[in-house]
Every structure is written in C-alpha cells, then in structure tokens.
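# Residue-level structural notes
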Amino acid sequence: MTLTQERQVILFKPQASIDLEVATALSKEMAGVTPLSNQLWVIDLAEVDFMDSSGLVPLVQVLKTVRQIGCRLVLCNVHAPVRLILELTHLDSVFEIVNNYEDIFSSINEQSLVIKSG
C-alpha cells in the first residue's frame, strides 16, 4: 500500500487483491489519516486485480467519513473484476469513478471553465 499526502490531495494506492486481511489493513491505514475540509481523496486501484465483498467495507467507511467533513472521494483505474463488484452492489452509482488519475484533474479544470449566466 502506498499513501501519498500532498497539499489537498490524499492518494491511496492499494496493491494486489483486496480480501478480508487486506481490507482490514486498508481500513486501519485510511482511519489513520485525518480528513480536512475540501481535500481530495483518491483511491487509485491500478494495481488491484481482485476485490471481494470485504474490500467494499473500507471504501464505504472512508466515503462516509470524508463526505461528513466536506471532502471529495474519487476511485480511479478500476479494473473489470473490481468494477463488477461495484456494479453488482450498485456502489458504482455511489462512488465517483474516473478512468485514470489525470482525468480527475482535467474534470476539475473543465468545471472551473464553466461560466454561468444569470
């Protein structure tokens, strides 16, 4: 597991399969980071090739925690087996999912370019 904390971005990069043992460790690691208002939390799943239902627990826990503080949580680089678990549990509609890490910031740039007229 790699954790990077830079400015307002908290990046988690779990590796391999997320089963009960890994999910428990992931929950502890995420709980060890105190969210601050307006941070961007990113869970990069590029190196995760499998996740069972126990892997959903830390994702849902951290989503609840960061939303209460006013943070944004994004999942990126979600491979087909992991996406299938999210779709079967309908959590794909709960989480913000983007194709890759760079897409997170391009969507922010596009949103900041939107001009609202009265």
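Here the residue numbering is sequential within each chain, running from 1 through the sequence in written order. Local features in this predicted model are restricted to residues whose pLDDT is 70 or higher, and side-chain atom pairs enter the listing and the counts only when it is 80 or higher, whereas totals over whole chains, interfaces and linings include all residues. Water and hydrogen atoms were dropped before computing side-chain values, which therefore reflect all heavy atoms in the structure.

### Observations regarding the pairing of strand E6 (residues 72-76)
Put simply, the rule reads: Summary of the burial criterion: residues with accessible area below 20% of their type's maximum are buried, those above 50% are exposed, and those between are partly exposed, where the area comes from a 1.4 Å probe applied to protein chains only. The numbering of helices and of strands both runs from the N terminus, where a helix is a DSSP run of H or I of at least 4 residues and a strand a run of E of at least 2. Note on pairing: DSSP must find at least two bridges between two strands before they are called paired.
With four of its five residues buried, E6 lies for the most part within the structure. Of the strand pairs in this sheet, strand E4 (residues 40-44) and E6 are connected by five bridges, and their pairing is parallel. Its bridge partner lying in E6, Val42 is registered against Val74. Bridging between E6 and strand E7 (residues 96-98) involves three bridges; their strand directions are parallel.

### Re the packing of helix H1 (residues 20-31) against helix H2 (residues 56-69)
Relative placement of two packed helices is described by the angle separating their axes and the distance separating the axes. Inclusion rule: Axes here mean lines fitted to C-alpha atoms, for a helix over just the part in contact, with angles spanning 0 to 180 degrees between N-to-C directions. The cut-offs work like this: below 35 degrees is roughly parallel, past 145 is roughly antiparallel, 65 to 115 is roughly perpendicular, and the gaps in between are oblique. By the definition used in this description, the sense in which the near helix is turned from the far one sets the handedness, with an anticlockwise turn below a right angle giving left-handed and a clockwise turn giving right-handed. Whether two residues touch is decided by their heavy atoms; if any such pair falls within 4.5 Å, the residues are in contact. For this classification, the nonpolar set comprises Ala, Val, Leu, Ile, Met, Phe, Trp, Tyr, Cys and Pro, the charged set comprises Asp, Glu, Lys and Arg, and every other residue, Gly included, is treated as polar.
Where H1 meets H2, the axes come as close as 8 Å, and the angle between the chain directions of the two elements is 20 degrees. Looking at the two axes, H1 sits roughly parallel to H2. Every pair of crossing elements has a handedness; the one defined by H1 and H2 is right-handed. Side by side, H1 and H2 meet where Ala23, Leu26, Ser27 and Met30 of the first sit next to Pro58, Gln61 and Val62 of the second. Here the residues of the contact of H1 with H2 sort into five nonpolar, two polar and no charged.

### Structural notes on the nonpolar core
Proteins that are soluble and globular tend to have nonpolar side chains buried together. We apply this condition: Remark: nonpolar core denotes a set of buried residues (Ala, Val, Leu, Ile, Met, Phe, Trp, Tyr, Cys) joined through side-chain atoms within 4.5 Å.
Core analysis: the largest hydrophobic core is formed by 25 residues, its most contacted members being Trp41, Ile43, Leu73, Leu86 and Phe95. Those elements giving two or more residues to this core turn out to be strand E2 (9-13), H1, E4, strand E5 (47-51), H2, E6 and helix H3 (80-88). The element best represented in this core is H2, accounting for five residues. Not counting the four nearest positions on each side in its chain, Leu86 is found in contact with Leu56, Leu75, Val78, Leu91, Asp92, Phe95 and Ile97. One finds Leu40, Val74, Val98 and Ile104 within the second-largest nonpolar core, a separate group that totals eight residues.

### Let's talk about the environment of Val82
Within the secondary structure, Val82 is located in helix H3. Relative accessible area serves as the criterion here: at 0%, Val82 is assigned to the buried category. Remark: the alpha-carbon pair of Val82 and Asp52, spanning 30 residues in sequence, is separated by 8.1 Å. When residues no more than four places from it in sequence are discounted, the contact partners of Val82 are Leu45, Val48, Phe50 and Met51.

### So, the confidence of the model for the protein chain
Cut-off, in case you're wondering: Per residue, pLDDT measures the predictor's confidence, with a range of 0 to 100.
The share of residues in the protein chain with pLDDT of 70 or more is 84%, and the mean pLDDT across the chain is 86. Note that pLDDT drops below 50 for residues 109-118; the model gives that stretch zero contacts with residues more than four away or on any other chain.

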